[in-house]
Structures are given as C-alpha cells and as structure tokens.
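Next come the chains, spelled out residue by residue.
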Amino acid sequence: MWFLNFDYQFFTAINSLAGKYHWLDLVAIICAKYLIFVIFGAALGWWISLHKSKPTFAWPVEGKKKWLAVGHLGLTAVGVYLINNLIALIHFRERPFLREGVKQMVNPMSEKSFPSDHAAASFAVAAVIFFYNKALGGFLFVLAILVGLGRIYTGVHYPLDVLGGAVVGILTAMIVGFILKKK
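First, a word on scope: everything that follows refers to the structure included in this document. (Residues numbered from 1 in each chain as written. Predicted model: local features only at pLDDT ≥ 70, side-chain atom pairs only at ≥ 80, totals over all residues. Heavy atoms only, no water.)

1. Focus on the pattern of salt bridges
1) Next: A full pass over the atoms with the stated rule returns three salt bridges.
2) Next: Between arginine 93 and aspartate 161 there is a salt bridge; the shortest N-O distance is 3.0 Å. With arginine 93 in the loop between helix H4 (59–90) and helix H5 (117–132) and aspartate 161 in helix H7 (residues 159–182), this pair connects stretches of sequence that are 68 residues apart.
3) Next: A relative accessible area of 16% means that arginine 93 is categorised as buried.
4) Next: A relative accessible area of 0% means that aspartate 161 is categorised as buried.
5) Next: Between lysine 112 and aspartate 117 there is a salt bridge, with the nearest N and O atoms lying 3.3 Å from each other.
6) Next: Aspartate 117 gets classed as partly exposed once you look at its relative accessible area, which sits at 39%.
7) Next: Several salt bridges share partner residues, and in doing so they unite Asp7, Arg93 and Asp161 into one network. (Salt bridge = Lys/Arg side-chain N within 4 Å of Asp/Glu carboxyl O. Helix = DSSP H or I, 4+ residues; strand = E, 2+ residues; numbered from the N terminus. Buried < 20%, exposed > 50% of the residue type's maximum accessible area, 1.4 Å probe, protein only.)

2. Focus on the packing of helix H1 (residues 2–15) against helix H6 (residues 134–153)
Each pair of packed helices can be summarised by the angle the axes make with each other and by the distance between the axes.
1) Next: For the pair H1 and H6, the least separation of the axes is 8 Å and the interaxial angle reads 85°. The angle between the axes of H1 and H6 places the two elements in the roughly perpendicular class. Of the residues in H6, those touching H1 at Phe11, Ile14 and Asn15 are Leu149, Ile152 and Tyr153.
2) Next: Taken together, the residues of the contact of H1 with H6 sort by class into five nonpolar, one polar and no charged. (Axes fitted to C-alpha atoms, helices over the stretch in contact; angles between N-to-C directions. Parallel < 35°, antiparallel > 145°, perpendicular 65-115°, else oblique. Contact = heavy atoms within 4.5 Å. Nonpolar A, V, L, I, M, F, W, Y, C, P; charged D, E, K, R; others polar.)

3. Structural notes on the layout of surface pockets
1) Next: By volume, the largest pocket is sized at about 420 Å³.
2) Next: Contributing to the lining of the largest pocket are 19 residues, with Phe40, Ala77, Val80, Asp117 and Ala121 lying nearest its centre.
3) Next: If you list the elements that add at least two residues to the lining of the largest pocket, you get helix H3 (35–51), H4 and H5.
4) Next: Per-element tally for the lining of the largest pocket: the top contributor is H4, with eight residues.
5) Next: Of the residues assigned to the lining of the largest pocket, the class counts are 11 nonpolar, five polar and three charged.
6) Next: Its boundaries defined by the atoms lining it, the second largest pocket holds a volume of some 260 Å³.
7) Next: Lining the second largest pocket are 15 residues, with Arg95, Pro108, Met109, His118 and Arg151 sitting closest to its centre.
8) Next: At the level of elements, helix H2 (22–33) and H5 are the ones that each hand at least two residues to the lining of the second largest pocket.
9) Next: When grouped by side-chain class, the residues that make up the lining of the second largest pocket number five nonpolar, five polar and five charged. (1 Å grid on protein atoms, 1.4 Å probe; cavity = no way out; pocket = protein on both sides within 12 Å on 5 of 7 lines; lining within 4 Å. Points joined across faces, edges and corners; volume = space filled by probe spheres on them.)

Take a look at the structure:
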C-alpha cells in the first residue's frame, strides 16, 4: 500500500534528524513529552478565567458556557479513550522504535502505536476549546501539531499514528459538541 510506504518514508526523514542537533533533540523531547501538559494547562486556565468574569446580564450565559465546556471536555476525553482503545484492539501497530535503525528518544508506556493517544488528547482539547474560543483553540491546534511532530521525531509514532489520533480527537470533540448543542 502506497500510503504505508509514504508513512514510513516520512517517518524516516523526520527521525533521521534525531541525534544530529542537540537543540532540536531537546525541543522535540519537550514537544513529545511535556507540551501536552501546556495544552491541558491552557484549557484549565481558560476555564478558570470564565469564572472570574464580572457578573453582568450575560452571566447566566457565561456560567452555562463554563459548565458546558467542562461536560464537553469530559465526554470527549471518555470518548477518545474508548475509541483509541477499541481501534488498538482491532488494529495493533507496533511502535517504530521496535524496528532496527530507529532512534528512540523517549520511553512510551505501551507498545501500541496506532492511534497516538497524545495526538488524540491534544487535538481533542484544542477542538473543544475551539468551539468556545476560536483564538485560543487555534493556538492549541498549533501546539497539538507540535506534539505530533515531537512524537514522530523521537521515534515513538509514525505519521499515520499521529494523523489517526488527530482525527479521533477532532471528530470525537465535534460529535460531542453537536450533541450538547442540540440539548
């Protein structure tokens, strides 16, 4: 299949840079391991900021938005977790670093590669926040892309793993959002 060949070639092109530039290795490790916490923190900070808004005639709307966002994030997180694990049961793909010649820079918690849990969570949070705050959501999408690139660079995911995780995260957030909007 041509797309698996392209997936491997794209992975090899990115992972081949590992170990050549110390600063780039450091940036990739930060993106792969820690940037997801910045995304979660930004989402939490945004949610807290909704509470600090001054009471006005719009307060009931803002108050509802705050709790709707929590429900949206919670239901999306559960959905992403269930869908990713179901996909992994149906289609198991080993991590790239288990192949010879791949440079591994971080230690993942499992041998499952597809879909990427980090990408799914990062893109899910970005998509949920985008429903309520376009500017912050757009910024979080950029950070989510960096998480995915970091996961590829450090040898723990193929590009299609990251793309699969992104699709799961975004679609789950959209479906949950549309369901909540109807109620």
